[in-house]
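Spelled out, the chains give:
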Amino acid sequence: MTELRTLKVALLGCGNVGAQVARILIDDAGALAARTGARLELTGIAVRNVDAERDVELPQELFTADAETLVKDADVVIELMGGIEPARTLILTAMRNGACVVTGNKALLAQDGPTLYEEADKAGVQLSYEAAVAGAIPILRPIRDSLSGDRITRVLGIVNGTTNFILDQMDSTGAQFADALAEAQRLGYAEADPTADVEGYDAAAKAAILASLSFHTRFALEDVSCEGITSVTAADIAAAKEAGFVIKLLAIAEKLVDENGKTGVSVRVHPTLLPREHPLAAVRGAFNAVFIEAENAGELMFYGQGAGGTPTASAVLGDLVSAARRIVLGGPGRTETTTGHVPALPISAAVTSYYIGLDVADQPGVLARIAQLFAEHGVSIEIMRQTIHRDADSNVESAELRIVTHRARESALAATVEAVKALDVINSVTSVLRVEGV
Ligand code: NAP
């Protein structure tokens, strides 16, 4: 039997994910060698504090505070420190030295992805980041490899567990956003500063990655139109529920033709109404899922845990084995292509259905005037429901109007809403939400 070669693996970070990666690398060394065709030797673990107590018992001699020296003598570097620096410099150094890199650092990829991808191309090494999108769910490699003979037309993803948990709490208990957020923080699903999650920034970073791989074009964070969930109210959720919908924060990337006939990709994150029977509507709690439509494969759905040390470590190990196999086989390999050259379209070019809530005066002819305004702007109404309220003190009646439109362009919808707002019979526009999957 031929002796297996040994590949040196350097691990940067030993927190939630890094500690589990180190444990699996050591405990499953035999199985990993059999699957890879090389022994994966963990040569060191760089941390800030080498004496800190760890979640997992690991050989103390592996720990070092000198990350720079560690990466210089590695075949594969696994970066699980998080943050921008020193992660960025260490990854660049590793690649320039010919090492393949595995990372889960979506913040860094969102900020500096293009520089890192170019450096990987230049150095002829693999840069993989399955863990950066939807934690444990194998989604990037299926898009890049399994679907490379197909054409993806649309990706809809629940890629942020915190916001899915909050919206699910609001849906199942009737809670307001602030109470659902407090519950998410109490259970450890939301951080003390939840901005990146609830404002949609984390999902936007993942949307840029999903769009880039799906449409073979590098999209940056600036190409993503982003709206979080802070303005979603319990009343929105209740109204959506009554109409047979659930509200989810979706990361969407889809090919579109804009008003001028130009083909491009709309990449966006926003709260979205989905019919309760849509597969993504069944994604509860902090789980993640990605729904893909491809020309030949049709509809596909990938579901699982979007975070957590051990689940995320699974995605990291998958990338490690793939990188190690490539080293064993030789040649630079090809991880992603950027030959799509499709421009990112602004949110005004998006085409979808809309849910609009209006508080209107209860007068004869109001419905007809509103319907006419929609028609004048080319937005056709699918459902219009009215509920009458009487104010107990003033005895004045007002009506709550809920409208679901057929698919229309965002720019036409925005113009319609502006025109509706100007009507004297409109007290307020209570919500405007996008609808998918109808
Ligand atoms: P973490 O628990 O905060 O661990 C970070 C580790 O990196 C710690 O061991 C820390 O050392 C080390 N570190 C940080 N700065 C360092 C520096 N300047 N020099 C040396 N070591 C440094 O992070 P995590 O939750 O495991 O996440 C790691 C990465 O995976 C992040 O990019 C994150 O976005 C990504 N990710 C995480 C999850 C998840 O569920 N946690 C899911 C998907 C992706 P000390 O221990 O000594 O402080």
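Conventions used here
- Residues numbered from 1 in each chain as written.
- Predicted model: local features only at pLDDT ≥ 70, side-chain atom pairs only at ≥ 80, totals over all residues.
- Heavy atoms only, no water.
- Core = buried A, V, L, I, M, F, W, Y, C linked by side-chain atoms within 4.5 Å.
- Buried < 20%, exposed > 50% of the residue type's maximum accessible area, 1.4 Å probe, protein only.
- Contact = heavy atoms within 4.5 Å.
- Pairing = 2+ DSSP bridges.
- Helix = DSSP H or I, 4+ residues; strand = E, 2+ residues; numbered from the N terminus.
- Domains from an automatic or database assignment.
- Buried area = accessible area lost by both parts, 1.4 Å probe.
- Salt bridge = Lys/Arg side-chain N within 4 Å of Asp/Glu carboxyl O.
- Polar contact = N/O pair within 3.5 Å; in protein donor to acceptor, adjacent residues only side chain to side chain.
- Near = heavy atom within 4 Å.
- Areas by Shrake-Rupley, 256 points an atom, 1.4 Å probe, with all protein chains shown as cover.

A. Spotlight on the nonpolar core. In terms of nonpolar packing, the biggest core is built from 114 residues, with Val21, Leu25, Ile45, Ile78 and Ile139 touching the most fellow members. Those residues within four positions of Ile45 in sequence are excluded, and the remaining contacts are Leu11, Gly13, Cys14, Ala22, Leu58, Leu62, Phe63, Thr64 and Leu70. With 21 residues, the next largest nonpolar core counts Ala361, Val379, Ala412 and Val417 among its residues.

B. Spatial organisation of the pairing of strand S18 (residues 426–435). In this sheet, S18 lies alongside strand S10 (residues 263–275) in parallel orientation, the contact comprising two bridges. By the bridge assignment for S18, Leu273 is matched with Val435.

C. Inspection of the domain arrangement of the chain at higher detail. Splitting the chain by domain gives domain 1 (5–136 + 310–329), domain 2 (140–305) and domain 3 (350–435). Spacing between the C-alpha centres of domain 1 and domain 2 amounts to 28 Å. The partner domain 2 presents 14 residues to the 17 residues of domain 1 that form the contact. Taking both sides of the interface into account, the surface hidden between domain 1 and domain 2 amounts to around 1500 Å²; carbon and sulfur atoms contribute 60%. Of all residues in domain 1, the largest losses of buried area upon contact with domain 2 belong to Glu130, Val133 and Ala134, amounting jointly to 34% of the total for that side. A salt bridge links Asp319 to Arg141; its shortest N-O distance comes to 2.6 Å. Scanning the region where domain 1 abuts domain 2 turns up five residue pairs in polar contact (both at pLDDT 80 or more). Taken together, the elements giving at least two residues each to the side of domain 1 that touches domain 2 come down to helix H5 (106–123) and helix H12 (309–329).

D. Region of interest: the sheet that holds strand S1 (residues 5–12). Strands sit in the order S3-S2-S1-S4-S5-S6 across an open sheet of six strands; the sheet is parallel. Lying at the two open borders of the sheet, with one neighbouring strand each, are strand S3 (63–64) and strand S6 (127–128). Note: S1 against strand S4 (residues 76–79), four bridges, orientation parallel. If you follow Ala10 over to S4, its bridge partner there is Val77.

E. Quick peek at the site of the ligand. In the vicinity of the ligand there are 21 residues, among which Cys14, Val17, Asn49, Arg54 and Gly308 approach most closely. Taking Cys14, its main chain carries an N or O atom lying 2.8 Å from an oxygen atom of the ligand. Within the backbone of Asn16, one N or O atom sits 3.0 Å away from an oxygen atom of the ligand. Coverage of the ligand by the protein amounts to 77% of the 900 Å² it exposes when considered alone.

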